[in-house]
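So you can see what is in the structure, the chains are spelled out below.
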Number of protein chains: 2
Amino acid sequence: MAIIVYGFGMSGNCWKVSTILRLTGHAFTWIETDSNAGRTRTPEFLALNPNGKVPTVVLDDGTVLTESGAILLHFAEGSPWLPAPGLARTRVMEWLFFEQYSHEPYIAVARNIVTYLRRKDAEIERVRQCWERGAQALDVMERRLAAHPFLTDAGPTVADIALVAYTQAAEEGGFDLAKWPGVRAWAARMLVLPGITPLPRAA
Amino acid sequence: MAIIVYGFGMSGNCWKVSTILRLTGHAFTWIETDSNAGRTRTPEFLALNPNGKVPTVVLDDGTVLTESGAILLHFAEGSPWLPAPGLARTRVMEWLFFEQYSHEPYIAVARNIVTYLRRKDAEIERVRQCWERGAQALDVMERRLAAHPFLTDAGPTVADIALVAYTQAAEEGGFDLAKWPGVRAWAARMLVLPGITPLPRAA
């Protein structure tokens, strides 16, 4: 029995998981689970992950893994995608927490409301807040990426995978990456690395 | 020159940092930095941490560390507060990301609005959302803590430090922990461990 990934195809958080599994040579079965349609809040799914979120991974011994950042780290351990403990690893951790607290809640949420739920007009106040805070997150990334090829000095790591997950589709949330040229060049650099397949865009 | 912590005394995120430093025997100097008064958005502070947040740590060689979760992991590495890589460490990581994405944005934010900014009536819609989502986070914790002494099977770890940071003061945000008896008992258990000093409450 292979690894099972409960994931939603449009989700950058789920894309992180399929990407690290491919990069580290793990076979997996993907079970499409549409969180926008309530499929992560069913009693069956909540029994698997009480927090009701994708991605959720089931290993071949039945062990369940949750939280995209933790799953990235789990499979990257011992690979070139995660530096050894010490300052180099701490730099990766800073970006992983930055992504979940200061980036994803604005850039991913704007994209979902605007392009997938199609509720931009109905939720314009929330979208405006996402634009403001998301721009701040992109500013922080630009300060680093204007002068460096990757987010940390360790070459491409799970930090870059985590941040490019939603940055690559930021325009679907109304962000124009031309304003952040270092970020845009970095995203392009990441998405042509061997083994990385870009997130599909809305039809 | 010792470690410098830029922190805000009422902040659970900053409490995590002083707690792990004490538990791992690191001396430090605390520089009080009131984010509610804009002290993390000054040009001087943004030069230190472009994301404009506390805690921010400066090591004795001038290295700057950000993100409370990353700082916890940095100082816990090699100590009993962080298990070795593998499933035990992954379980810690799951809770650290859960805290920053599904717990802190509701439980810490409700507390700040209600007790520190004193804007509950003015922001009642946001507070109500915090109550709903914060209760969901406490439900997820209760499922584990009703039957286990700590969040992971590795004994008390940085996961427990991260989650107790704001849970211990949840009542300042309007949560009644009597509804989550496993969580309440766990918080009491954490706060009497040697070297742990509870977060001060509002005067």
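Report on the accompanying structure. Bear in mind the structure is a predicted one, so any value in this text is a computation, not a measurement. (Residues numbered from 1 in each chain as written. Chains lettered and ligands numbered in written order. Predicted model: local features only at pLDDT ≥ 70, side-chain atom pairs only at ≥ 80, totals over all residues. Heavy atoms only, no water.)

**Looking at the sheet that holds strand 3 (residues 56–58) of chain B**
Residues and elements named next belong to chain B.
Then comes step 1: Across the sheet, which stays open at both edges, the four strands sit in the order 2-1-3-4 with mixed pairing between neighbours. Of all the strands in the sheet, just strand 2 (28–32) and strand 4 (64–66) have a single pairing partner and so form its edges. Across the sheet, the mean angle from the axis of one strand to that of its neighbour is 20°, orientation sign disregarded.
Then comes step 2: Here strand 1 (residues 3–7) pairs with strand 3 via three bridges, running antiparallel. Looking at the pairing, I4 lines up with V58 of strand 3. (Pairing = 2+ DSSP bridges. Helix = DSSP H or I, 4+ residues; strand = E, 2+ residues; numbered from the N terminus. Axes fitted to C-alpha atoms, helices over the stretch in contact; angles between N-to-C directions.)

**Points about the interface of chain A and chain B**
Then comes step 1: At the interface, 35 residues of chain A touch 34 residues of chain B.
Then comes step 2: In this assembly, chain A packs against chain B so that about 3,000 Å² is buried in total across both faces, 61% of it on carbon and sulfur atoms.
Then comes step 3: Area buried by chain A at its contact with chain B is led by A:E94, A:F97 and A:Y101, which between them contribute 23% of it.
Then comes step 4: The interface formed by chain A and chain B holds zero salt bridges in total.
Then comes step 5: Seen at the junction of chain A and chain B, the total is 10 residue pairs in polar contact (both at pLDDT 80 or more).
Then comes step 6: Going through the elements one at a time, helix 2 (43–48), strand 4 (64–66), helix 3 (68–76), helix 4 (87–116) and helix 5 (124–145) of chain A are the ones with two or more residues in the side of chain A that touches chain B.
Then comes step 7: Looking at the side of chain A that touches chain B, the element that brings in the most residues is helix 4 of chain A, giving 14 residues. (Contact = heavy atoms within 4.5 Å. Buried area = accessible area lost by both parts, 1.4 Å probe. Salt bridge = Lys/Arg side-chain N within 4 Å of Asp/Glu carboxyl O. Polar contact = N/O pair within 3.5 Å; in protein donor to acceptor, adjacent residues only side chain to side chain.)

**Points about the environment of A:A135**
Residues and elements named next belong to chain A.
Then comes step 1: Note on placement: A135 falls in helix 5.
Then comes step 2: For the pair formed by A135 and Y6, sequence separation is 129 residues and the distance between their alpha carbons is 30 Å.
Then comes step 3: In contact with A135, not counting residues within four places along its chain, are C130, F175 and W180.

**Let's talk about the relation of the copies chain A and chain B**
Then comes step 1: The operation relating chain A to chain B is a screw motion whose rotation component is 180°, with 0.0 Å of axial translation and a residual RMSD of 0.0 Å. What the rotation and shift describe, once combined, is the action of a two-fold rotation axis. No C-alpha of chain A lies nearer the rotation axis than that of A:Y101, which sits 3.1 Å from it.
Then comes step 2: Counting the interface residues of chain A, we find that 97% of their copies in chain B are interface residues as well, pointing to one common contact surface. (Least-squares fit on C-alpha atoms with pLDDT ≥ 70 in both.)

**Side note on the packing of aromatic side chains**
Then comes step 1: Scanning the entire structure with this criterion turns up five aromatic pairs over all chains.
Then comes step 2: Both rings, one in A:Y6 and one in A:F45, keep their centres 5.9 Å apart while their planes meet at 80°; by these two values the pair is edge-to-face. Taken as a pair, A:Y6 in strand 1 (residues 3–7) and A:F45 in helix 2 lie far apart in primary sequence, 39 residues in all. As far as the burial class goes, A:Y6 and A:F45 line up, both buried.
Then comes step 3: Ring centres 4.5 Å apart and planes at 15° place the aromatic pair A:F97 and B:F97 in the stacked group. Taken together, the residues A:F97 in helix 4 and B:F97 in helix 4 (residues 87–116) connect one chain to another.
Then comes step 4: Residue class for A:F97 comes out buried when judged on its relative accessible area of 0%. (Phe/Tyr/Trp six-rings, centres within 6.5 Å; stacked < 30°, edge-to-face > 60°. Buried < 20%, exposed > 50% of the residue type's maximum accessible area, 1.4 Å probe, protein only.)

**As for the sheet that holds strand 1 of chain A**
In a beta sheet, neighbouring strands are held together by backbone hydrogen bonds and run either parallel or antiparallel to one another.
Residue and element names in this part refer to chain A.
Then comes step 1: Pairing is mixed in the open sheet, where four strands are placed in the order 2-1-3-4. Among the strands making up the open sheet, the edge pair consists of strand 2 (28–32) and strand 4. Strand-to-strand twist in this sheet, taken as the mean axis angle between neighbours without regard to direction, amounts to 20°.
Then comes step 2: In this structure, strand 1 lies alongside strand 2, joined through five bridges in parallel fashion. Bridge pairing links G7 to E32 in strand 2.
Then comes step 3: Packing of helix 1 (residues 12–23) onto the sheet brings it into contact with strand 1, strand 2 and strand 3 (56–58), and relative to strand 2 it is tilted by some 165°.
Then comes step 4: Contacts between helix 3 and the sheet are confined to strand 1, strand 3 and strand 4, with strand 4 contributing the most and set at about 120° to the helix.

**Re unusual backbone geometry**
All names here are of chain A.
Then comes step 1: The peptide bond linking V54 to P55 adopts the cis configuration, its omega dihedral lying at 0°.
Then comes step 2: Structurally, P55 can be placed in the loop between helix 2 and strand 3.
Then comes step 3: Located in the positive-phi region is E67, a residue other than glycine, with phi close to 75°.
Then comes step 4: Here E67 shows up in the loop between strand 4 and helix 3.

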